[in-house]
Amino acid sequence: MDKQYFLELLHKHLNGEATDVEQQFLIKYYELFRAEPDIIALLGDEQKETLKNEIKASVWQNIEEDGEPGKKTIRIKPWFLKLAAAAVIIGVFATGFLFLRNHPGNKPTPLYSVHKQKPNLFIVLPDGSRVILSYGSKLSYASSFAGLAKRDVYLEGQAFFDIKHDDLKPFIVHTGKLKTTVLGTAFNVKALKGDKTITVTVTRGRVKVSDCNKILGIIIPNQQIVYNKQKSNTTQNIIDAKIYTGWTAQDDLHFEDVTVAEAAKVLEERFKVKILFSDQLVKSKYFTSTFDKSASLEQELKSICIFNDAFYSYDKEKAIITITGKIN
């Protein structure tokens, strides 16, 4: 498919005029063209996120299982192999996803991130909020928050949330009977299966915790609410939040189809540096990789740059890193 024909299909898709066959072509080739500047300019953030999610849905539709009872054979159709290579996607099946098609005009369909591997999983939500999901945990959320009054997500397990601020659209984490409501902040929720308690810890901003009947408390940084699921009561504590969020850096961290800019934010927080970009194209490139918890900053920077055809310079005195594209 040439670029001009792809842009024609993209315009038809945005106007709701694309046929089912054209939609499939668009999804199939989007990964090959999404780094093009005119395509990036044409699509909004949530439109890009929706197309990306539909690509993942089509991936799973093209996985076939057969073989002897108790034995599974996974076959990937040839077009996806070419697509994955072009998009520099490594280990795309490391994390299990169940995606449903999101048709224009319908209510956004839910996405499920079920994380079973040992490394923690870094997720970017449709609104740009960032989540680190602990292994064995599950997070459910809408494929798009556009047109919704609230940003509702449903957690089973443990996750650290860094929420993009939006005064008009509160972000709500549902864990059993509890709701944790924020507008823009960073906090940890621990609601592991089998635990007698649900724990909410704030590292930045302010959150409101409530059950079905009442507000249980409003907490600020270095405060925590512990809810006893059996007794339906709570305790509020003053703590060192770093102790309760340290798990995010104790294991390897898996990045699943995220931009270089999104990964850079994690490195900034982990290594206390500032990362700048002199090339916007590199900033918007997507990649998949796992960062070793023991790796140095420079090892992780080299990994990112190798995957995305870029290089970096590091001013250690100022703790400033600049990433740019390679000059041909």
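See above for the structure.
Residues numbered from 1 in each chain as written. Predicted model: local features only at pLDDT ≥ 70, side-chain atom pairs only at ≥ 80, totals over all residues. Heavy atoms only, no water.

## Re the overall build of the protein chain
Part 1 of the argument: Within the protein chain, the regular secondary structure consists of 9 helices and 21 strands.
Part 2 of the argument: Considering only residue pairs separated by 6 or more positions, the protein chain has 49% of its internal contacts joining residues 24 or more positions apart.
Part 3 of the argument: Total accessible area computed for the protein chain in this model is approximately 16900 Å², and 53% of it derives from carbon and sulfur atoms. (Helix = DSSP H or I, 4+ residues; strand = E, 2+ residues; numbered from the N terminus. Contact = heavy atoms within 4.5 Å. Areas by Shrake-Rupley, 256 points an atom, 1.4 Å probe, with all protein chains shown as cover.)

## Observations concerning helix α9 (residues 297-307)
An α-helical segment advances 3.6 residues per turn. Residues three or four places apart therefore align on the same side.
Part 1 of the argument: The set of residues buried in α9 consists of Leu297, Glu300, Leu301, Ile304 and Cys305. Axial view of α9: buried residues confined to an arc of 135°, hence all on one face.
Part 2 of the argument: Tucked inside the fold, the buried residues of α9 contact α7 (260-271), β19 (286-291), β20 (310-315) and β21 (320-325).
Part 3 of the argument: In the segment just after α9, Asp309 is the residue with positive phi, at about 55°. (Buried < 20%, exposed > 50% of the residue type's maximum accessible area, 1.4 Å probe, protein only. Arc of directions from axis to C-beta.)

## As for the nonpolar core
Part 1 of the argument: Ranked by size, the top nonpolar core spans 30 residues in total, and within it Leu125, Leu139, Val153, Phe161 and Phe187 carry the most contacts.
Part 2 of the argument: Take this core: its biggest share by element is 4 residues, from strand β8 (residues 151-162).
Part 3 of the argument: When sequence neighbours within four positions are dropped, the list of residues in contact with Phe187 reads Ala159, Phe160, Phe161, Ile163, Val173, Thr180, Val182, Val200, Thr201, Val202, Thr203 and Val207.
Part 4 of the argument: Phe255, Val266, Leu301 and Tyr312 belong to the second largest nonpolar core, which has 28 residues in total. (Core = buried A, V, L, I, M, F, W, Y, C linked by side-chain atoms within 4.5 Å.)

## Looking at the sheet that holds β21
Part 1 of the argument: The strand order across the open sheet built from 3 strands is β18-β21-β20, with neighbouring strands paired in mixed fashion. The open sheet has two free edges, formed respectively by β18 (274-277) and β20, since each of these has just one partner strand. Along the sheet, successive strands turn relative to each other by an average axial angle of 20°, direction set aside.
Part 2 of the argument: Bridge count between β18 and β21: 4 bridges; the pairing is parallel. Bridged to Lys274 within β21 is Ile320.
Part 3 of the argument: Lying over the sheet, α9 contacts β20 and β21, oriented at roughly 155° with respect to β20. (Pairing = 2+ DSSP bridges. Axes fitted to C-alpha atoms, helices over the stretch in contact; angles between N-to-C directions.)

## Examining the pairing of strand β10 (residues 178-182)
Part 1 of the argument: With respect to burial, β10 is a largely interior element, 4 of its 5 residues being buried.
Part 2 of the argument: Pairing between β10 and strand β13 (residues 207-210): 3 bridges, direction antiparallel. Of the residues in β13, the one forming a bridge with Lys179 is Ser210.

## Quick notes on the side chain of Glu300
Part 1 of the argument: Mapped onto the fold, Glu300 is located in helix α9.
Part 2 of the argument: Buried and unpaired, Glu300 has Arg270 as its nearest opposite-charge partner, separated by 4.1 Å.
Part 3 of the argument: If we skip the residues at most four places from it in the chain, Glu300 touches Leu267, Arg270, Phe271, Phe291, Asp292 and Ala295. (Lys, Arg positive; Asp, Glu negative; His and termini not counted. Salt bridge = Lys/Arg side-chain N within 4 Å of Asp/Glu carboxyl O.)

## What about the environment of Ser313?
Part 1 of the argument: Mapped onto the elements of the fold, Ser313 is located in strand β20.
Part 2 of the argument: With a relative accessible area of 40%, Ser313 lands in the partly exposed category.
Part 3 of the argument: Ignoring any residue separated from it by four or fewer positions in sequence, one finds Ser313 in contact with Ile320, Ile321 and Thr322.

## Re the pairing of strand β14 (residues 215-219)
Part 1 of the argument: Across 4 bridges, the pairing between β13 and β14 is antiparallel. Bridge pairing in β14 links Lys208 to Ile218.
Part 2 of the argument: Between β13 and β14, which follow one another and run antiparallel, lie 4 residues.

## Focus: the side chain of Ser144
Part 1 of the argument: Mapped onto the elements of the fold, Ser144 is located in the loop between β7 (137-142) and β8.
Part 2 of the argument: Look at Ser144 and you get buried, because its relative accessible area is 7%.
Part 3 of the argument: A distance of 3.2 Å separates a polar atom in the side chain of Ser144 from the backbone nitrogen of Ala146. (Polar contact = N/O pair within 3.5 Å; in protein donor to acceptor, adjacent residues only side chain to side chain.)

## Some words on the packing of aromatic side chains
Part 1 of the argument: In the structure shown here, the tally under the stated rule is 6 aromatic pairs.
Part 2 of the argument: A centroid spacing of 5.2 Å and a plane angle of 15° characterise the contact between Phe161 and Phe187, whose relative ring orientation is stacked. Here the residue Phe161 occupies a position in strand β8, and Phe187 occupies one in strand β11 (residues 186-191), the gap between them amounting to 26 residues.
Part 3 of the argument: Taking the centre distance of 4.7 Å and the plane angle of 55° together, the rings of Phe255 and Phe291 count as tilted. On the criterion of sequence distance, the pair formed by Phe255 in strand β17 (residues 253-259) and Phe291 in strand β19 is long-range, its members being 36 residues apart. (Phe/Tyr/Trp six-rings, centres within 6.5 Å; stacked < 30°, edge-to-face > 60°.)

## Remarks on α7
Part 1 of the argument: With 12 residues, α7 should reach 16 Å at 1.5 Å per residue; the first-to-last C-alpha distance of 16 Å fits that figure.
Part 2 of the argument: For α7, the set of buried residues is Val260, Ala261, Glu262, Ala263, Ala264, Val266, Leu267 and Glu268.
Part 3 of the argument: Where α7 ends, the next residue or the one after it, Lys272, has phi of about 55°, a positive value. (Expected span 1.5 Å × (residues − 1).)

## Points about unusual backbone geometry
Part 1 of the argument: Of note in this structure, Asn222 is not a glycine but carries a positive phi near 65°.
Part 2 of the argument: Inspection of the secondary structure assignment puts Asn222 in the loop between β14 and β15 (223-228).
Part 3 of the argument: Asn222 gets classed as partly exposed once you look at its relative accessible area, which sits at 35%.
Part 4 of the argument: The backbone phi angle of Asp309 is positive, close to 55°, even though this residue is not glycine.
Part 5 of the argument: By relative accessible area, Asp309 is classed as partly exposed at 42%.

Bear in mind that shape data such as this cannot, by itself, settle questions of function.
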